[in-house]
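One letter stands for each residue in the lines below.
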Amino acid sequence: IEFSADQVDGKEAFGLFDRVGDNKVAYNQIADIMRALGQNPTNKEVNKLLGNPTPDDMANKRVEFEGFLPMLQTIINSPNKAGFEDYVEGLRVFDKEGNGTVMGAELRIVLSTLGEKMNETEIDALMAGQEDENGCINYEAFVKHIMSV
Amino acid sequence: MTDADKFLYGDRSGINDPLAQADWASKKLVWIPSEKQGYEAGSLKEEKGDECVVELFVYFFNPLFFFLTDREDQSILCTGESGAGKTENTKKVIQYLAHVASSSKFKKDQGELEKQLLQANPILEAFGNAKTVKNDNSSRFGKFIRINFDVNGYIVGANIETYLLEKSRAIRQAKEERAFHIFYYMLTGAGDKMRSDLCLEDYSKYRFLSNGKVTIPGQTDKELFVETMEAFNIMSIPEEEINGLLKVISAVLQLGNMVFKKERNSDQASMPDDTAAQKVCHLLGINVTDFTRAILSPRIKVGRDYVQKAQTQEQAEFAVEALAKASYERMFRWLVMRINKALDKTKRQGASFIGILDIAGFEIFELNSFEQLCINYTNEKLQQLFNHTMFILEQEEYQREGIEWSFIDFGLDLQPCIDLIEKPNGPPGVLALLDEECWFPKATDKTFVEKLAQEQGTNPKFVKPKKLKDDADFCIIHYAGKVDYKANEWLMKNMDPLNECVATLLNQSTDKFIGDLWRDVDRIVGLDKVAGMADSGPFKTRKGMFRTVGQLYKEQLGNLMTTLRNTNPNFVRCIIPNHEKKAGKLDAHLVLDQLSCNGVLEGIRICRQGFPNRIVFQEFRQRYEILTPNAIPKGFMDGKQACVLMIKALELDPNLYRIGQSKVFFRAGVLAHLEEERDLKITDVIMSFQAWCRGYVARKAFAKRQQQLTAMKVIQRNCAAYLKLRNWKWWRLFTKVKPLLQVSRQEEEMLAKEEELLKVKEKQIQVEEQLKEFEAKQQQLSAEKQALQEQLHAETELCAEAEEMRARLAARKQELEEILHDMESRLEEEEERAEASDGESHHRRQTEENGGRHHSAGRPE
């Protein structure tokens, strides 16, 4: 697969994450770099690629761009099976009144307690400005918004 | 519990838990201890794993509700092992009913009945309850309390029936246990006068009180004695009768102090010290010599003659014990009858009733005897009623919903075991065979067991002795489990023989109360009838065949079941949480044991054979739609249709479900499986969504960083440039001169002009808009004006027409007036002419009459 243009972008992005200056990035940054490059891996997938590292490894082990590329490729080749409809259906489960909205608070709980629990910072960044004056979120619009970036 | 557990738990339990789903579970109730009221309603809820969590909820009193709406007779059946709380439950029910169903309008009458009803229990408890190792206030008898209501739902009376009083407790008690409460109340609470009247002695002097003085923590027998006496007063039981009761109790105790010895040279028993006997006779109003003789060598009828049959020491002791037990039992029965009399005084007609059954639950001890057989037999029949009821409910729902369902009558499930016990013949059951053996002269417990094994050996519920450990004689497989029975003394227990000589003496006692107590002596199984003492053939009493304990009980139970079957039964299962009399401690294993004993697990098993889980269409769709994406097309669809499509998409085996009118029914476990899948699916989707969310967040952060990078580069470039230039003299010159140049100023002017232009453009747009507005307004106004003009025009025309019309009418009127005038004048003329001609003709006639008669004669008139 030719992706020299991406590669350039990729290299730049990679460089942006290198805080140490050794042309490498830490294990715990890999997932974010992939996301910055337009992918949406789950933490599980990334961990699997990294060989299920310990928390220690995650913080200390580093990898260079050449090592990172194949990982990225794997992720590109196995995209998310779910799509817009599935997410909307999934969130509809929490729509108690069936009116197209969920309580912002409820969504926070769902995201922070189910699946791969998200932390408060992530959720705050996610939901900034999404709730209406009643604290409700129109989840269809929300999902569209999330998937548009 | 974390939010996570609560959240997921709340979702799942309603559907998964068969206890919660099955309709009959809603009738289950458990009393658990509470500080406030002693007991509160609770429900048993099983969580994952072994832990049982008891939840409190506010329970709407079902039976009363049914009762008030249908006027159908209700029954409340409380079962449970000793200490589980049945009696407390019963008391609460009665308290509640007495409170709720009494009317303040019927002041005196009703209030009294209520009070008496509430006092009935303490009295019965004093005489029928005792402390056991399992329960400080164990009911040693079963009872069925019927509360009768009139058509308006007010209490008119009550009736109590008792079963299976453990009378052996009056003569001996196990370690750490007590005899019936009343013994202790009396011995501790009686005043000096009473003590001497009743010949009461110290605790240690009574042989029948095996453990001497035993107290119950938290209770004072003395106070309770006073309370019991008060209760008697409230029930209007007169002093003589109370005295009679107490005398009997004292007598029962004294009987135990009668000591027999074997005479030196023969088997004949003798009583060296007759102090106890004297006291007994004094209390019971009989002659001591007669009494002694009756005990030591009673007169027995053999054939047609009477013979003095010598009694051995064992026989005498046995007889005295039997006498004590019989006395106590009769006294108890008298008490029940007396209470019933008090509770049934009102004349008002009872229209329906609520019955409360409080009876020992299933009993399985190491070895079990006749008493256990009776109790287990009772519980087997109650369980059958339970199954039958529950099954009917299930079946009714299936019918209502139009489910295709080929049913098995679960009531029959227990019939083999019940037959084993109660069938009279073909082949005869345990009770029938026992009765038979009682009539046979040389029969023993052993021959009974052998016959039983012979007749019922092939019954699947019967296990023959050979296969068991040595101690047990046979084994019955009840619904709650296998029970080993030991047949020792069963013949005796069944016959319950009594020295009829003594019985006759008592019947003729000088004390009215005692005489009353022993009024019927016809059905007594005399000692002579007991096998081993008589020589030949089955004997008859004076009035026909005697009735065994087994027979009597079978009849009593049969009547009870008939009554219950004609009511709407409500089952209350009491569960004892631990065997340590401790509050708040729950022994899971023990509880599960009881659930199997009381048929709850059986019930679940039965329900599972049907379709225990059911869910309304809409709910099913809402909950499980996520498992069948795209199965339901967009747009409105009938709930039932939607579910049909979904089930097809899920590819469920048709045997696992049924579709009804308003719900879908599932076999056990199907919904649980769907729930699991749903959880997985949701988790999957959420995880995937979270990955996207993280992607979103990361990309946004990254974009920001890129901007920062760019910005940084710009700043860096500028700084670098600045650093390079700041000391270059040419640059300095340049920066000073630039602002002075026209060229640079031109740019500024351009900018200014552009701004002006922008402003003007804006203004123009504004003005244009305004113009449009005005035009629009003007159009509107002219349109209105036009409309008004047209309206005016129309009005004018109308007016003109009206005017024309008016003119025409006026002209017409004028014409008509002229005609009228004409007519009038003509009329006048005519009148004048008529007058004139009248005058003429008159004048002519006159002249004719006068002058020409012959003219008129020829003229016909």
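Along each chain, residue indices are assigned from 1 in the same order as the chain's sequence is written. Both sets of labels track the order of writing: A upward for chains, 1 upward for ligands. Owing to the predicted nature of the model, reporting of local features is limited to residues with pLDDT of at least 70; listing and counting of side-chain atom pairs is limited to 80 or more, with chain, interface and lining totals taken over all residues. Excluding hydrogens and water, the side-chain figures rest on all heavy atoms present in the structure.

- An unreviewed UniProt entry lists chain B under the name Myosin, heavy chain 9a, non-muscle, from Xiphophorus couchianus.
- UniProt positions are given in the numbering used here, feature names are shortened, and annotations may be inferred rather than shown by experiment. For the record of chain B, the UniProt heading Sequence similarities (unreviewed entry) holds the text "Belongs to the TRAFAC class myosin-kinesin ATPase superfamily. Myosin family."

- Per an unreviewed UniProt entry, chain A is named Myosin, light chain 1, alkali; skeletal, fast, and its organism is Xiphophorus couchianus.

## Considerations on the overall build of chain B
Then step 1. The secondary structure listing takes helices from DSSP runs of H or I that are at least 4 residues long and strands from runs of E that are at least 2 residues long, numbered from the N terminus. Check the secondary structure of chain B and you find 28 helices and 20 strands.
Then step 2. Each residue's exposure class comes from its accessible area (1.4 Å probe, protein chains only) as a fraction of the maximum for that residue type: buried when under 20%, exposed when over 50%, partly exposed otherwise. Looking at chain B as a whole, 45% of its 861 residues are labelled buried.
Then step 3. If you sum the accessible surface of chain B, you get close to 48,100 Å²; carbon and sulfur atoms cover 53% of it. Method for areas: the Shrake-Rupley scheme with a 1.4 Å probe, in which residue coverage is limited to the protein chains shown.

## Overview of the interface of chain A and chain B
Then step 1. Whether two residues are in contact is decided by their heavy atoms: any pair within 4.5 Å suffices. Listed as interface residues are 42 residues of chain A and, on the opposing side, 26 residues of chain B.
Then step 2. Using a 1.4 Å probe, buried area is obtained as the accessible area two parts lose upon being combined, added over both of them. Between chain A and chain B lies a buried interface of about 3,600 Å² when both sides are counted; carbon and sulfur atoms form 69% of it.
Then step 3. When the area that chain A buries against chain B is broken down by residue, the three leading residues are L16, N40 and V149 of chain A, summing to 17%.
Then step 4. Throughout this description, the term salt bridge denotes a Lys or Arg side-chain nitrogen within 4 Å of a carboxyl oxygen of Asp or Glu. The tally of links between chain A and chain B comes to 2 salt bridges.
Then step 5. Between R694 of chain B and E116 of chain A there is a salt bridge; the shortest N-O distance is 3.7 Å.
Then step 6. Each polar contact in these results corresponds to two N or O atoms within 3.5 Å; when the atoms are within protein, one needs to be able to donate a hydrogen and the other to accept it, and residues that are neighboring in sequence are counted only if both atoms are side-chain atoms. On the surface where chain A and chain B come into contact, there are 13 residue pairs in polar contact (both at pLDDT 80 or more).

## Brief notes about unusual backbone geometry
All names here are of chain B.
Then step 1. Put simply, G426 and P427 share a cis peptide bond, and its omega is -10°.
Then step 2. As for its position among the elements, P427 is in the loop between α14 (415-422) and α15 (430-439).
Then step 3. A positive phi angle, near 65°, is found at E489, a position not held by glycine.
Then step 4. Position of E489 relative to the elements: it lies in the loop between β16 (481-485) and α17 (490-495).
Then step 5. Using a relative accessible area of 49% as the deciding quantity, one classes E489 as partly exposed.
Then step 6. Phi is positive for E651, close to 55°, though the residue is something other than glycine.
Then step 7. Relative to the helices and strands, E651 is located in the loop between α24 (639-650) and β19 (657-659).

## Let's talk about the pattern of salt bridges
Residue and element names in this part refer to chain B.
Then step 1. Scanning the model with the defined rule gives 42 salt bridges over all chains in all.
Then step 2. D496 is the salt-bridge partner of K167, the closest N and O atoms lying 2.5 Å from each other. With K167 in the loop between β8 (155-163) and α6 (181-189) and D496 in the loop between α17 and α18 (500-507), this residue pair connects regions lying 329 residues apart in the sequence.
Then step 3. On the basis of relative accessibility, which here comes to 27%, the residue D496 falls in the partly exposed class.
Then step 4. Residue R806 is joined to E803 by a salt bridge in which the shortest nitrogen-to-oxygen separation is 3.2 Å. A residue pair is termed a helical-turn pair when its members lie 3 or 4 positions apart in one helix, as R806 and E803 do in helix α27 (residues 742-851) at 3 residues.
Then step 5. On the accessibility criterion, R806 (53% relative accessible area) is exposed.
Then step 6. Judged by relative accessible area, E803 falls into the partly exposed class, the value being 41%.

## As for a negative patch on the surface
Then step 1. Patches draw on residues past 30% relative accessible area with no salt bridge. Two like charges within 9 Å are joined, as are two nonpolar side chains (Val, Leu, Ile, Met, Phe, Trp, Tyr) within 5 Å. Counting rule for charge: Lys and Arg are taken as positive, Asp and Glu as negative, and neither His nor the chain ends is counted. Positions of charges follow a simple convention, taking NZ of Lys, CZ of Arg, CG of Asp or CD of Glu. Where like charges cluster on the molecular surface, the negative patch consists of E824, E828, E831, E832, E835 and D838 of chain B.
Then step 2. Structurally, D838 of chain B can be placed in helix α27.

## Comments concerning the UniProt feature "binding site: ATP" (unreviewed entry) in chain B
Residue and element names in this part refer to chain B.
Then step 1. Those residues carrying the UniProt feature "binding site: ATP" (unreviewed entry) are G80, E81, S82, G83, A84, G85, K86 and T87 in this numbering.
Then step 2. Here E81 shows up in the loop between β4 (74-79) and α4 (86-100).
Then step 3. By relative accessible area, E81 is classed as buried at 18%.
Then step 4. Ignoring any residue separated from it by four or fewer positions in sequence, one finds E81 in contact with K86, K134, C574, I576, H579 and Q594.
Then step 5. Within the secondary structure, G85 is located in the loop between β4 and α4.

## So, a nonpolar patch on the surface
Residues and elements named next belong to chain B.
Then step 1. Together, W728, W730, W731, L733, F734, V737, L741 and V743 give the surface a local cluster of nonpolar side chains, amounting to about 840 Å² of exposed area.
Then step 2. With 5 residues, helix α26 (residues 729-737) is the largest single contributor of residues to the nonpolar patch.
Then step 3. If you trace the backbone, V743 turns up in helix α27.
Then step 4. Note on V743: relative accessible area 59%, which makes it exposed.

## Observations regarding helix α5 (residues 65-77) of chain A
Then step 1. What a helix is expected to span follows from its residue count: subtract one and scale by 1.5 Å. Between its first and last C-alpha atoms α5 of chain A spans 18 Å; for 13 residues at 1.5 Å apiece the expected length is 18 Å, and the two agree.
Then step 2. Turning to α5 of chain A, its buried residues are F65, F68, L69, M71, L72, Q73 and I75 of chain A.

## Quick notes on the sheet that holds β4 of chain B
Residue and element names in this part refer to chain B.
Then step 1. Taken together, the 5 strands give an open sheet; going across it, the order is β8-β7-β13-β4-β17, and neighbouring strands pair in mixed fashion. Whereas interior strands pair on both sides, the edge strands pair on one side only; in this sheet they are β8 and β17 (568-573). Strand-to-strand twist in this sheet, taken as the mean axis angle between neighbours without regard to direction, amounts to 15°.
Then step 2. Two strands pair under a simple rule: DSSP has to find at least two bridges between them. With 5 bridges joining them, β4 and strand β13 (residues 352-358) adopt parallel strand pairing. Residue pairing across strands places C78 opposite D358, the latter belonging to β13.
Then step 3. Against the sheet, helix α13 (residues 370-401) makes contact with β4, β13 and β17, and its axis sits at roughly 115° relative to β17, the strand it touches most. A fitted line through C-alpha atoms serves as each axis, taken over the contacting stretch for helices, and the angle formed by two N-to-C directions is quoted from 0 to 180°.

## Looking at helix α21 (residues 588-597) of chain B
Residue and element names in this part refer to chain B.
Then step 1. Among the residues of α21, those classed as buried are A588, L590, V591, Q594 and L595. The arc that holds every buried residue of α21, seen down its axis, measures 160°, which confines them to one face.
Then step 2. Of the residues one or two after α21, G599 is the one with positive phi, at around 85°. The arc in question is the one traced by the directions running from the helix axis out to the C-beta atoms.

## Concerning the packing of helix α2 (residues 27-36) of chain A against α5 of chain A
Residue and element names in this part refer to chain A.
Then step 1. Between α2 and α5, the shortest axis-to-axis distance is 11 Å and the interhelical angle comes to 55°. The angle between α2 and α5 places the two elements in the oblique class. The interaxial crossing formed by α2 with α5 has right-handed handedness. Listed contacts from α5 to I30, I33 and M34 of α2 are F68, M71, L72 and I75.
Then step 2. All amino acids are sorted into three groups, where Ala, Val, Leu, Ile, Met, Phe, Trp, Tyr, Cys and Pro are nonpolar, Asp, Glu, Lys and Arg are charged, and the leftover types, Gly among them, are polar. A breakdown of the residues in the contact of α2 with α5 according to their chemical character gives 7 nonpolar, no polar and no charged. Roughly parallel here means an angle under 35 degrees, roughly antiparallel means over 145, roughly perpendicular means 65 to 115, and every remaining angle is called oblique. By convention, the crossing between two helices is left-handed when the near helix turns anticlockwise from the far helix through less than a right angle, and right-handed when the turn is clockwise.

## Here we look at the sheet that holds β19 of chain B
Residues and elements named next belong to chain B.
Then step 1. An order of β18-β20-β19 is seen for the 3 strands of this open sheet, with the pairing classed as antiparallel. Both outer strands of the open sheet, β18 (613-616) and β19, are each paired with one neighbouring strand and no more. In this sheet, adjacent strand axes meet at a mean angle of 20° when their direction is disregarded.
Then step 2. Inspection of the sheet shows β18 paired to strand β20 (residues 663-666) by 4 bridges, in the antiparallel sense. Pairing of V616 across the sheet is with K663, part of β20.
Then step 3. Along the sheet face, helix α23 (residues 617-624) touches β18, β19 and β20 and points at about 90° away from the line of β18.
Then step 4. Sitting on the sheet, α24 is in contact with β19 and β20, with an inclination near 155° to β19.

## Details of the pairing of strand β15 (residues 474-478) of chain B
Within a regular strand, the side chains alternate between the two sheet faces.
Residues and elements named next belong to chain B.
Then step 1. Judged by how many residues are buried, β15 sits mostly within the fold: 4 of 5 residues are covered.
Then step 2. Inspection of the sheet shows strand β14 (residues 462-463) paired to β15 by 2 bridges, in the antiparallel sense. The residue of β15 that forms the bridge with F462 is I476.
Then step 3. Pairing geometry for β15 and β16, over 5 bridges, is antiparallel. From the neighbouring strand, F474 faces β16, where its bridge partner is Y485.
Then step 4. Linking two consecutive strands that pair antiparallel, namely β15 and β16, is a turn of 2 residues.

## Considering the pairing of β17 of chain B
Residue and element names in this part refer to chain B.
Then step 1. Burial analysis of β17 places 6 of its 6 residues in the buried class, the great majority of the element.
Then step 2. Along β17, one buried face is formed by N568, N570 and V572 and the opposite face, lined by P569, F571 and R573, is buried too.
Then step 3. Judged from the 6 bridges that link them, β4 and β17 form a sheet pairing that is parallel. Across the sheet, T79 pairs through a bridge with R573, a residue of β17.

## What to know about the packing of aromatic side chains
Then step 1. In summary, the pairing rule links any two rings of Phe, Tyr or Trp, Trp by its six-membered ring, whose centres are within 6.5 Å, and it sorts them by plane angle into stacked for under 30 degrees, edge-to-face for over 60 and tilted for everything else. With the rule as written, the count across this model stands at 24 aromatic pairs over all chains.
Then step 2. Between the aromatic rings of F14 of chain A and F65 of chain A, the centroid separation amounts to 5.3 Å while the plane-to-plane angle is 65°, which identifies the pairing as edge-to-face. With a gap of 51 residues between them, F14 of chain A in helix α1 (residues 4-17) and F65 of chain A in helix α5 connect regions that are remote in the sequence.
Then step 3. A ring pair is formed by F180 of chain B and Y328 of chain B, whose centres lie 4.7 Å apart and whose planes are at 10°; its orientation type is stacked. Here F180 of chain B, found in the loop between β8 and α6, pairs with Y328 of chain B, found in helix α12 (residues 313-343); they are 148 residues apart in sequence, far enough to count as distant.

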